[in-house]
Amino acid sequence: MADPRGFLTTTERELPARRPVPIRLMDYSEVYEKGDPAQLRRQASRCMDCGVPFCHQGCPLGNLIPEFNDAMYRGELSRAVELLHATNNFPEFTGRACPAPCENACVLGINQPAVTIKQVEVSIVDDGFAAGLITPVVPDRITGHTVAVIGSGPAGLAAAQQLTRAGHTVVVFEREDRLGGLLRYGIPDFKLEKHHIDRRLTQMRAEGTRFETGVEIGRDIDFAALQTRFDAVLVATGATVPRDMELSGRGLDGIEFAMDYLVPSNRAQASDAASAADSAPFIDAAGKHVVIIGGGDTGADCLGTALRQGAASVTTLAIGAQPPVDRDADSPWPTVPRIFEVQSSHEEGGTRRYLASTTRFVGDDSGKVSGIEVAQTQFADGRRIPTPGTEHVIPADLVLLALGFSGPETAQIDLEAGAGGAFDRAEDYAAQPGVFVAGDAGRGQSLIVWAIAEGRAAAAEVDRFLTGSTRLPAPVRPTDEGFKC
């Protein structure tokens, strides 16, 4: 335990300051300023001697949160780095892009704001890299077994690192020109600067993991040929098929899926003209009235990007009611509550509208979208439907659909998909002998922390398949779920 009275001395959460809005809208750099070590130590001291640390269960990785908080409070960075990496391959990703179910399960959160676990986590890994404490872990022996990993998102990278360290020869195949999956081109730099990915990839290459970019399974190499060439195959392609809206006017120009908007923008920030030339066209929101349908993380990423591009206005629509500011009786501790969240992008501008049911898209004579007809949402027979007579049109030159993802792309990978759209798999992550599935490709759309947890667990099963036993940790099973109401 850090400080037995820390949670009594410091009763509020403290986070590093965000850069002023007018300044950060001029660039795509991360929004947070460098943290104060004294502030971080105070927050680490708030971690209680709670007996049963529910944060361990809130986090599917089982991160040793009280232990690394204690280490940071005592100034023992080396120990904190070791504790953090014992359960999490990429805390620099989860510390920036995870919604922190661990904080929702923090025991202190029963009657005080939760410990700033994410900030402690990201500070450990950033300070650890700066101090030279995070170095390659090269395997003592090579097993002679080969593994192909399809996809270089968090699940694929976590599995690849675990299997490489176990002594297997691992090749990661990525169809994009750069590694990282949606971490690379799906998340804007103002949330996750890409040098964090490159820094970790440097470590993985030094450990022995091999990477092949620009290789699409089914186009450049057949899935069956991959199975013949490697002793085991792990599919970690993510869930990339976007959910759509089948409404009148959907075919109008200017209605785009969120990722078709974000990916070219994020490519442009990579300053790679050759890569950008081969990708989807750049969509510029400058001077346009933008409407985002969907109020989640992807919608917030679209909002921040559109504001940086100089949109005339940005309106975010959510079909449900505005969530409460604090937990209510329907989302008791330690479940993940549905509360009103103000992300950094929401601070920067735009309008958020709730109980807004989209009924149709409106276009001009040239076939371009000019507005969205919406109505007040009402609840009938457990369904959310438009209220007749409340329809009105919101002007829109660009509409972005941020409705989540229905599952993985299945055409090029010869595996059975279940009713939910994700690939079927057994409790050992196997879809068929020698073929395993991890992350959103098998779980469906989920969180980055679940992707890493599944990558680690699937790696253990691949190792067991290849050698007959394993010493690799398996933090979750395919059927596990987080705390739910």
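Up top is the structure.
These notes cover the structure that comes with them.

Each value, and the rule that gives it
Residues numbered from 1 in each chain as written. Predicted model: local features only at pLDDT ≥ 70, side-chain atom pairs only at ≥ 80, totals over all residues. Heavy atoms only, no water. Helix = DSSP H or I, 4+ residues; strand = E, 2+ residues; numbered from the N terminus. Rg over C-alpha atoms; globule rule 2.2 N^0.38 Å. Buried < 20%, exposed > 50% of the residue type's maximum accessible area, 1.4 Å probe, protein only. Contact = heavy atoms within 4.5 Å. Areas by Shrake-Rupley, 256 points an atom, 1.4 Å probe, with all protein chains shown as cover. Lys, Arg positive; Asp, Glu negative; His and termini not counted. Charge placed at Lys NZ, Arg CZ, Asp CG, Glu CD. Core = buried A, V, L, I, M, F, W, Y, C linked by side-chain atoms within 4.5 Å. Pairing = 2+ DSSP bridges. Axes fitted to C-alpha atoms, helices over the stretch in contact; angles between N-to-C directions.

A look at the overall build of the protein chain
At step 1: Assigned secondary structure in the protein chain consists of 19 helices and 17 strands.
At step 2: Against the compact-globule benchmark of 23 Å for 485 residues, the protein chain has a radius of gyration of 23 Å, which places it among compact chains.
At step 3: For the protein chain, the spread of C-alpha atoms along the three principal axes comes to 70 × 60 × 45 Å.
At step 4: Per-residue burial for the protein chain yields a buried fraction of 51% across its 485 residues.
At step 5: Residue pairs at least 24 apart in sequence account for 69% of intrachain contacts in the protein chain once pairs closer than 6 positions are excluded.
At step 6: Accessible surface for the protein chain amounts to roughly 21000 Å². Of this, 50% is attributable to carbon and sulfur atoms.
At step 7: Averaging the coordinates of the 46 positive side-chain charges in the protein chain and doing the same for the 64 negative ones gives two points 4 Å apart.

Some words on the nonpolar core
At step 1: Counting 69 residues, the largest nonpolar core has Phe68, Ile124 and Val147 as its most contacted members.
At step 2: Other than its neighbours up to four places away in sequence, Val147 contacts Leu163, His168, Thr169, Val170, Val171, Phe230, Ala232, Val462 and Leu466.
At step 3: Grouped together as the second largest cluster of nonpolar side chains are 21 residues, Ala285, Val290, Cys302 and Ala306 included.

A few points about the sheet that holds strand E7 (residues 289–293)
At step 1: One open sheet holds the 5 strands; their spatial order is E6-E14-E7-E8-E9, and the pairing between them is parallel. The open sheet has two free edges, formed respectively by strand E6 (255–257) and strand E9 (351–353), since each of these has just one partner strand. Each strand of the sheet is rotated relative to its neighbour by a mean of 20°, with strand direction disregarded.
At step 2: Direction of pairing for E7 relative to strand E8 (residues 313–317): parallel, over a ladder of 5 bridges. Within E8, the position partnered with Val291 by the bridge is Thr315.

Description of the pairing of strand E10 (residues 356–363)
At step 1: As paired elements, E10 and strand E11 (residues 369–380) share 7 bridges and run antiparallel to each other. Residue Phe361 lies in a different strand from E11, and its bridge partner there is Ile372.
At step 2: The antiparallel hairpin formed by E10 and E11 contains 5 residues in its connecting segment, where Gly367 sits at a positive phi of about 90°.

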